[in-house]
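Results of the structural survey
As a plain string of letters, each chain reads:
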Amino acid sequence: MIYLDHHATTPCDQRVVDAMLPWLTQSFGNPHSTSHSAGRVAADVVARSAACVARHLGCPAESILWTSGATESNNLAIRGICGHPRQKRRHLITCFTEHHAVLDVVAEIEQNGWRVTRVPAYPQDHELAGCVDLDALAGAIDEDTALVSVMWANNEIGTISPMQQIAHLCHQAGALLHSDATQAVGRLPVDMKSVDVDLLSASAHKFYGPKGIGILVVGNGNRRVRLRPQIVGGGQQRNLRSGTLAPASIVALTTALEIAVSEMSESDARIRQLRKVFCGKLLECIEGLVLNGISLESPQRLAGNLNVRLPDVEGESWMAAAPDVCFSSGSACSSVDANPSHVLTGIGLTESEARRSVRFGIGKFTTDEEITQAVRLLCDAYRRIKPA
Ligand SMILES: Cc1ncc(COP(=O)(O)O)c(C=O)c1O
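Residues numbered from 1 in each chain as written. Predicted model: local features only at pLDDT ≥ 70, side-chain atom pairs only at ≥ 80, totals over all residues. Heavy atoms only, no water.

What follows covers the packing of helix 4 (residues 70-82) against helix 5 (residues 100-111). Look at helix 4 against helix 5: their axes get within 9 Å of each other, and the N-to-C directions meet at 25 degrees. What the angle tells us is that helix 4 and helix 5 run roughly parallel. Considering only the axes of helix 4 and helix 5, their crossing is right-handed. Of helix 5, the residues touching helix 4 (which contributes Thr71, Asn74, Asn75, Ile78, Arg79 and Cys82) are Ala101, Val102, Val105, Val106, Glu108 and Ile109. Considered class by class, the residues forming the contact of helix 4 with helix 5 number 7 nonpolar, 3 polar and 2 charged. (Axes fitted to C-alpha atoms, helices over the stretch in contact; angles between N-to-C directions. Helix = DSSP H or I, 4+ residues; strand = E, 2+ residues; numbered from the N terminus. Parallel < 35°, antiparallel > 145°, perpendicular 65-115°, else oblique. Left-handed = near helix turned anticlockwise from the far one by under 90°. Contact = heavy atoms within 4.5 Å. Nonpolar A, V, L, I, M, F, W, Y, C, P; charged D, E, K, R; others polar.)

What follows is the structure, given as structure tokens:
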């Protein structure tokens, strides 16, 4: 099995597993039972973890909320802002190419009577293809806009958004900015001191941590951010997200982030080089193969991301013909959805083009040998299924 789907998830780094295990078996205290030492030890590691994550993201430690992952973080950010009893504004903005964990929440808010603007994304031939159209965004924001939700990096075509420019547009009008940074954190420098977003979602399993743990950063110290909680019960995390915290998972996310940050530039360069070789070889053996999204040379594209479309065969058929290579036709997070990718049609591809497209995600443990093998398996599979 050759795993080339690192936007869907990443393997848990052994160093992360080693760091988290003692917090399951030895120091297993409940971090909310601070009346005894076992609880205090757990509470202390949670506090140190928040400080460490906050240092890496450039936000106050008090702003870190632990969640189950980015879906929950996105839900809490958007519903939390729109549902707060003191929220006076009634307008919400997002972009067509967001993840469903944003789009579906926005649709629900709309049903509850909010005005929603879905701003178009730049088309395929634009240097920021897939990213929210900044002029359209500027035109959509008004004094009733409570929140703008724009992803930091796209999970299908890897475009990196100019977040500081977007933040400036939002804050000029007094709107808050949420960013789904699930594909960015651990892969790119994400510094909330220089990029002034108000709420930020991330998930450990995208940067070699375990599944089931994420964060929502609520406020970076510059503006007041008021959330209505979505999960109530024990009053934990300042009553913004109740439930017993999981120190082992929190240590795992923190360790994964520390490793990702310290190895970022080295792994980025290696992944870029692997992708160049991989794409070059696929182009050699598949006539008419086309790159979706912006140039691979662009710094505005995530290093490991490759999204291509075949001239004459559906992506699903290619995947079925090459079962030993794990890749995806569209976003794996929405692969329960049989519709063509909304991101690809959102940048102007036809439904047929979108159905002929696949996404690869190269990771930091991917080897040269795996790339060579994958090219062979994929090219053989394509030759077998292409129309005569
Ligand atoms: C951009 C983006 N947002 C949200 C999610 C959902 O993340 P999680 O699996 O942590 O709920 C994903 C998962 O692929 C994603 O890529």
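It is worth spelling out the sheet that holds strand 7 (residues 199-203) at this point. Judged by pairing direction, the sheet is mixed, and its 7 strands sit side by side in the order 2-8-7-6-5-3-4 without closing on themselves. Looking at strand neighbours, the two that pair on one side only are strand 2 (64-67) and strand 4 (115-119), the edges of this open sheet. Adjacent strand axes in the sheet meet at a mean angle of 20 degrees, parallel and antiparallel pairs treated alike. Two strands pair when backbone bridges link them, and strand 6 (residues 176-180) and strand 7 are joined in this way by 3 bridges, in the parallel orientation. In the strand pairing of strand 7, histidine 178 is matched with leucine 199. Strands strand 2, strand 7 and strand 8 (214-218) of the sheet are contacted by helix 3 (residues 37-57), whose axis makes an angle of about 115 degrees with strand 2. (Pairing = 2+ DSSP bridges.)

By a frequent convention, interface size equals the accessible area lost on bringing the separate parts together. The domain architecture assigned to the protein chain consists of domain 1 (2-8 + 264-385) and domain 2 (14-257). If you average the C-alpha positions of domain 1 and of domain 2, the two centres end up 27 Å apart. With 31 residues of domain 1 at the contact, the number on the domain 2 side is 32 residues. Note on domain 1 versus domain 2: buried area summed over both sides is about 2,600 Å², and carbon and sulfur give 54% of it. Between domain 1 and domain 2 we count 0 salt bridges in total. For the interface between domain 1 and domain 2, the tally reads 16 residue pairs in polar contact (both at pLDDT 80 or more). Secondary structure elements with two or more residues in the side of domain 1 that touches domain 2: helix 8 (247-285), strand 10 (305-309) and helix 10 (342-346). (Domains from an automatic or database assignment. Buried area = accessible area lost by both parts, 1.4 Å probe. Salt bridge = Lys/Arg side-chain N within 4 Å of Asp/Glu carboxyl O. Polar contact = N/O pair within 3.5 Å; in protein donor to acceptor, adjacent residues only side chain to side chain.)

Let us now look at the pairing of strand 3 (residues 91-95). Strand residues, when the strand is regular, have side chains that alternate between the two faces of the sheet. Burial analysis of strand 3 places 5 of its 5 residues in the buried class, the great majority of the element. Direction of pairing for strand 3 relative to strand 4: parallel, over a ladder of 5 bridges. Within strand 4, the position partnered with leucine 92 by the bridge is valine 116. Chirality of the crossover, the property in question, places the unit of strand 3, helix 5 and strand 4 among those that are right-handed. Pairing analysis gives 3 bridges linking strand 3 to strand 5 (residues 145-149), with the strands arranged parallel. (Buried < 20%, exposed > 50% of the residue type's maximum accessible area, 1.4 Å probe, protein only. Right-handed = clockwise from strand over helix to strand, strands pointing away.)

In this section: the state of the cysteines. Considering all chains together, one arrives at 1 disulfide under this definition. For the unlinked cysteine cysteine 131, the closest cysteine sulfur is that of cysteine 95, found at 7.1 Å. Sulfur of cysteine 170: no disulfide; nearest cysteine sulfur belongs to cysteine 131 and is 12 Å away. By relative accessible area, cysteine 170 is classed as buried at 0%. (Disulfide = S-S within 2.5 Å.)

Time to look at a positive patch on the surface. On the surface, Arg86, Lys88, Arg90 and Arg224 cluster together into a positively charged patch. Mapped onto the elements of the fold, lysine 88 is located in the loop between helix 4 and strand 3. For lysine 88, a relative accessible area of 68% corresponds to the exposed category. (Patch = residues over 30% accessible without salt bridge, like charges linked within 9 Å, V, L, I, M, F, W, Y side chains within 5 Å. Areas by Shrake-Rupley, 256 points an atom, 1.4 Å probe, with all protein chains shown as cover. Lys, Arg positive; Asp, Glu negative; His and termini not counted. Charge placed at Lys NZ, Arg CZ, Asp CG, Glu CD.)

Backbone geometry places tyrosine 208, a non-glycine residue, at a positive phi of 70 degrees. Along the chain, the position of tyrosine 208 falls in the loop between strand 7 and strand 8.

Taken as a whole, the second largest pocket encloses approximately 260 Å³ of empty space. What lines the second largest pocket is a set of 13 residues, among which Arg86, Gln87, Leu176, Arg224 and Arg226 lie closest to the centre. A per-class count over the lining of the second largest pocket returns 4 nonpolar, 3 polar and 6 charged. (1 Å grid on protein atoms, 1.4 Å probe; cavity = no way out; pocket = protein on both sides within 12 Å on 5 of 7 lines; lining within 4 Å. Points joined across faces, edges and corners; volume = space filled by probe spheres on them.)

Another point: the packing of aromatic side chains. Under the defined criterion, the tally for this structure stands at 5 aromatic pairs. Consider the rings of tryptophan 318 and phenylalanine 327, whose centres lie 5.6 Å apart with planes at 75 degrees: the pair is edge-to-face. Overall, the relative accessible area of 6% leaves phenylalanine 327 in the buried class. Members of the aromatic cluster, joined through ring pairs, are Phe278, Trp318, Phe327 and Phe360. If you follow lysine 364 out to its NZ or CZ, it ends over the ring of tyrosine 208, 5.0 Å from the centre. (Phe/Tyr/Trp six-rings, centres within 6.5 Å; stacked < 30°, edge-to-face > 60°. Lys NZ or Arg CZ within 6 Å of the ring centre and 35° of its normal.)

In total, this model carries 2 cavities of 30 Å³ or more according to the counting rule given. Taken as a whole, the largest cavity spans an internal volume of roughly 240 Å³. Together, 22 residues line the largest cavity, and Gly186, Arg187, Tyr208, Ser267 and Ile271 are the ones closest to its centre. Top contributing element to the lining of the largest cavity by residue count: helix 8, with 5 residues. Of the residues that constitute the lining of the largest cavity, the class distribution is 9 nonpolar, 9 polar and 4 charged. Of the domains in this structure, domain 1 (2-8 + 264-385) and domain 2 (14-257) are the two that each give at least three residues to the lining of the largest cavity. Lining the second largest cavity we find Cys95, Thr97, Glu98, Gly130, Cys131, Val132, Val150, Met151, Ala153, Asn154, Thr159 and Ser161. Within the lining of the second largest cavity, the residues separate by chemical class into 6 nonpolar, 5 polar and 1 charged.

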